[in-house]
Structures are given as structure tokens and as C-alpha cells.
Amino acid sequence: MITNLPVRVLDGKLTKIDEMELRIRNLEAVLIDLRMDLSEMRHEVQEEDLKKIEKLNKYQKTIDQLWKQQSAV
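Residues numbered from 1 in each chain as written. Predicted model: local features only at pLDDT ≥ 70, side-chain atom pairs only at ≥ 80, totals over all residues. Heavy atoms only, no water.

Draft legend 1. Here's a closer look at the overall build of the protein chain. Regarding its fold elements, the protein chain presents one helix and zero strands. Each of the 73 residues in the protein chain was classed as buried or not, and the buried ones make up 0%. For the protein chain, the exposed surface amounts to about 7600 Å²; the carbon and sulfur share of it is 62%. (Helix = DSSP H or I, 4+ residues; strand = E, 2+ residues; numbered from the N terminus. Buried < 20%, exposed > 50% of the residue type's maximum accessible area, 1.4 Å probe, protein only. Areas by Shrake-Rupley, 256 points an atom, 1.4 Å probe, with all protein chains shown as cover.)

This is the structure in C-alpha cells:
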């Protein structure tokens, strides 16, 4: 009976260590998912920004053409 007591304590500590390692792995997995989501969001924002810049460039060209027409008249 006395010999089983230290084993239980050791087993309890090992179980706690295993639990903590599992929690760390879960946190790492969540962190990886968050990083992937962040990367996707950055990519989407860059695509949207490029589209907006392209649209603004078209507007600028139109305004420049109208300005030139007004100056020529």
C-alpha cells in the first residue's frame, strides 16, 4: 500500500504534464490557424487595394483628358 502512493503522485504529475503539453499543442494549433487567417486577410486587402488603385488611375486619366480638352478650347 505504501509503495503505490508515490506511484500515484508521480502518475498524477505525469498526467498533469501530459495535459499541459496537450494544451500547449492546442494553443500552437490555434496560433497557426490565426496566422493563416491573418495572411489570407492581408492578401485580400492587398487585392482590394490594387483594384481601388487601378480604379483611381482610370478616374485620373479621365479627369486628365477632360482637363486637356478644356485647356485646348
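Draft legend 2. Layout of a negative patch on the surface. Side chains of Asp33, Asp37, Glu40, Glu44, Glu47, Glu48 and Asp49 sit close together on the surface and give a patch of like negative charge. Checked against the element boundaries, Asp33 lands in helix H1 (residues 4-72). (Patch = residues over 30% accessible without salt bridge, like charges linked within 9 Å, V, L, I, M, F, W, Y side chains within 5 Å. Salt bridge = Lys/Arg side-chain N within 4 Å of Asp/Glu carboxyl O. Lys, Arg positive; Asp, Glu negative; His and termini not counted. Charge placed at Lys NZ, Arg CZ, Asp CG, Glu CD.)

Draft legend 3. Local environment of the pattern of salt bridges. Under the criterion given, the structure shown has one salt bridge. Taking the shortest distance from any N to any O, the salt bridge between Glu54 and Lys58 comes out at 4.0 Å. Within this pair, Glu54 and its partner Lys58 are both found in helix H1, separated by four residues, close to a single helical turn. Accessibility expressed as a relative area gives 47% for Glu54, which makes it partly exposed.

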